[in-house]
Amino acid sequence: MNKIVLITGATSGIGLACAMKFAENGDQLILTGRNEQRLREIQKDLVAKGTKVMTLVFDVRDREKVGKCLDQLPQEWQDIDVLVNNAGLALGLEPEYEGSIDDWETMIDTNIKGLLMMTRLIVPGMVRRNRGHVINVGSVAGDAAYAGGNVYCATKAAVKAITDGLRIDVADTAVRVTNLKPGLVETNFSNTRFHGDHDRAAKVYQGIKPLTGDDIADVAVFAANAPEHVQIAEVLILATHQASGSVIVRK
């Protein structure tokens, strides 16, 4: 059965890959992001291929805008089957005692509070309908801290705890909850982390074949289409030569 899938941060990286993969699966898409022009371009491309697409322009940190956009969804788009909480970012790689407070607030407000807001607004409908699936994009960084990762790792550890807590909260319903934990994925993630320093970002992926957004999207689509009695609770996805958040063998 075709689903209505809402994906946050859908204009690039894992979010965009999820949009493409769920579209290939025949699902209807609600795509959100901050870049209106990019959302329109993606919508045009997918609609031309036969996918029904709705776009919502907002920053997940903006509680008022998020609520307003979701409240204004047409009736036929309101029964969201799958929520992919993908919007997130890392900023900086400094020691904690030298970190940027502005960067910390952006990561916490996006990675934690933004995810919570989307969950709070959408999951009640899933519970009422007794169906639905929340897929949170966490990280291997949520399992253990690595040098310079301090606050980012803390936000992804929070994603794990929030995901586990939600799974407990909805265990008496048919709503399923999944935490995807990627390792090195070559997207614009590192460019964002290093504030546009492309040379520094490129070094992150040198000597190893990293994951792609498509690799993570494949797992998301698989989890969403597992039999109803199967809940893919957590998946750690690493490149072959990455053993943990901090152990990477480069050749």
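Placed above this text is the structure.
The paragraphs below set out a description of the structure included in this document.

## Observations concerning the pattern of salt bridges
For the coordinates displayed, the defined rule picks out 13 salt bridges. Between Lys 21 and Asp 218 there is a salt bridge, and its shortest N-O distance comes to 3.1 Å. Linking Lys 21 in helix α1 (residues 13-24) with Asp 218 in helix α8 (residues 213-224), this pair joins segments that are 197 residues apart in sequence. By relative accessible area, Asp 218 is classed as partly exposed at 38%. Across the pair Glu 41 and Arg 38 runs a salt bridge whose closest N-O atoms are separated by 3.2 Å. With Glu 41 and Arg 38 both in helix α2 (residues 36-48), this residue pair falls three residues apart, about one helical turn. Here the residues in one salt-bridge network are Asp 143, Lys 160, Asp 164, Arg 167, Lys 181 and Glu 234, joined through shared partners.

## Quick notes on the side chain of Thr 32
Take Thr 32: it is sitting in strand β2 (residues 28-33). For Thr 32, a relative accessible area of 1% corresponds to the buried category. Among residues more than four places away in sequence, those in contact with Thr 32 are Leu 6, Ile 7, Thr 8, Gly 9, Ala 10, Leu 39, Leu 56 and Phe 58.

## Topic: the sheet that holds strand β1 (residues 4-7)
As summarised here, the arrangement of the seven strands in space is β3-β2-β1-β4-β5-β6-β7, forming an open sheet in which the pairing is parallel. Two strands lie at the open edges of the sheet, namely β3 (53-57) and β7 (234-237), each paired on one side alone. For this sheet the average axis-to-axis angle between neighbouring strands, irrespective of direction, equals 15°. One ladder, built from four bridges, connects β1 with β2; its direction is parallel. Paired with Val 5 across the two strands is Leu 29, which belongs to β2. In this fold α1 packs onto β1, β2, β4 (82-85), β5 (133-137) and β6 (176-182), with an angle of close to 170° to the strand it touches most, β1.

## Some points on the side chain of Ser 190
Note on placement: Ser 190 falls in helix α6 (residues 189-193). What Ser 190 contacts, discounting residues up to four positions off in sequence, is Ala 201, Val 204 and Tyr 205.

## Comments concerning the environment of Thr 240
With respect to the helices and strands, Thr 240 occurs in the segment after β7. For Thr 240, a relative accessible area of 76% gives the class exposed. The sequence separation of Thr 240 and Lys 209 amounts to 31 residues, and the corresponding C-alpha distance is 7.9 Å.

## Comments concerning the pairing of β2
In terms of burial, β2 is largely enclosed, as five of its six residues are buried. For the crossover that starts at β1, traverses α1 and ends in the parallel β2, the hand is right-handed. Pairing geometry for β2 and β3, over five bridges, is parallel. The residue of β3 that forms the bridge with Thr 32 is Leu 56.

## Describing empty space enclosed by the protein
Gaps between atoms show up when a probe of the same size as a water molecule is rolled over them. Scanning all chains against the criterion turns up two cavities of 30 Å³ or more. Here the largest cavity defines a volume of roughly 80 Å³. Lining the largest cavity are 17 residues, with Leu 91, Gly 92, Met 107, Gly 148 and Asn 150 positioned closest to its centre. Considering only residue class, the lining of the largest cavity consists of eight nonpolar, six polar and three charged. Empty space within the second largest cavity amounts to approximately 40 Å³. What lines the second largest cavity is simply Thr 8, Val 60, Asn 85, Ala 87, Thr 110, Gly 114, Leu 115 and Met 118. When residues of the lining of the second largest cavity are assigned to their parent elements, the largest contribution, four residues, is made by helix α4 (residues 101-129).

## Digging into the environment of Ala 233
Residue position: Ala 233 is located in the loop between α8 and β7. Along the backbone, Ala 233 and Asp 164 are 69 residues apart, and their C-alpha atoms lie at a distance of 8.3 Å. In this structure Ala 233 touches Arg 167, Val 177, Thr 178 and Asn 179, once residues within four positions along its chain are discounted.

## With respect to α4
Taking 1.5 Å per residue, 29 residues should reach 42 Å; α4 reaches 41 Å between its end C-alpha atoms and fits that length. Helix geometry: α4 is bent most strongly at Ile 122, by close to 35°, with proline Pro 124 lying one to four residues after it. Trailing α4 by a residue or two, Asn 130 shows a phi angle of about 60°, which is positive.

Basis of the calculations
- Residues numbered from 1 in each chain as written.
- Predicted model: local features only at pLDDT ≥ 70, side-chain atom pairs only at ≥ 80, totals over all residues.
- Heavy atoms only, no water.
- Salt bridge = Lys/Arg side-chain N within 4 Å of Asp/Glu carboxyl O.
- Helix = DSSP H or I, 4+ residues; strand = E, 2+ residues; numbered from the N terminus.
- Buried < 20%, exposed > 50% of the residue type's maximum accessible area, 1.4 Å probe, protein only.
- Contact = heavy atoms within 4.5 Å.
- Pairing = 2+ DSSP bridges.
- Axes fitted to C-alpha atoms, helices over the stretch in contact; angles between N-to-C directions.
- Right-handed = clockwise from strand over helix to strand, strands pointing away.
- 1 Å grid on protein atoms, 1.4 Å probe; cavity = no way out; pocket = protein on both sides within 12 Å on 5 of 7 lines; lining within 4 Å.
- Points joined across faces, edges and corners; volume = space filled by probe spheres on them.
- Nonpolar A, V, L, I, M, F, W, Y, C, P; charged D, E, K, R; others polar.
- Expected span 1.5 Å × (residues − 1).
- Bend = angle between axes of the 7 residues up to and from the residue.

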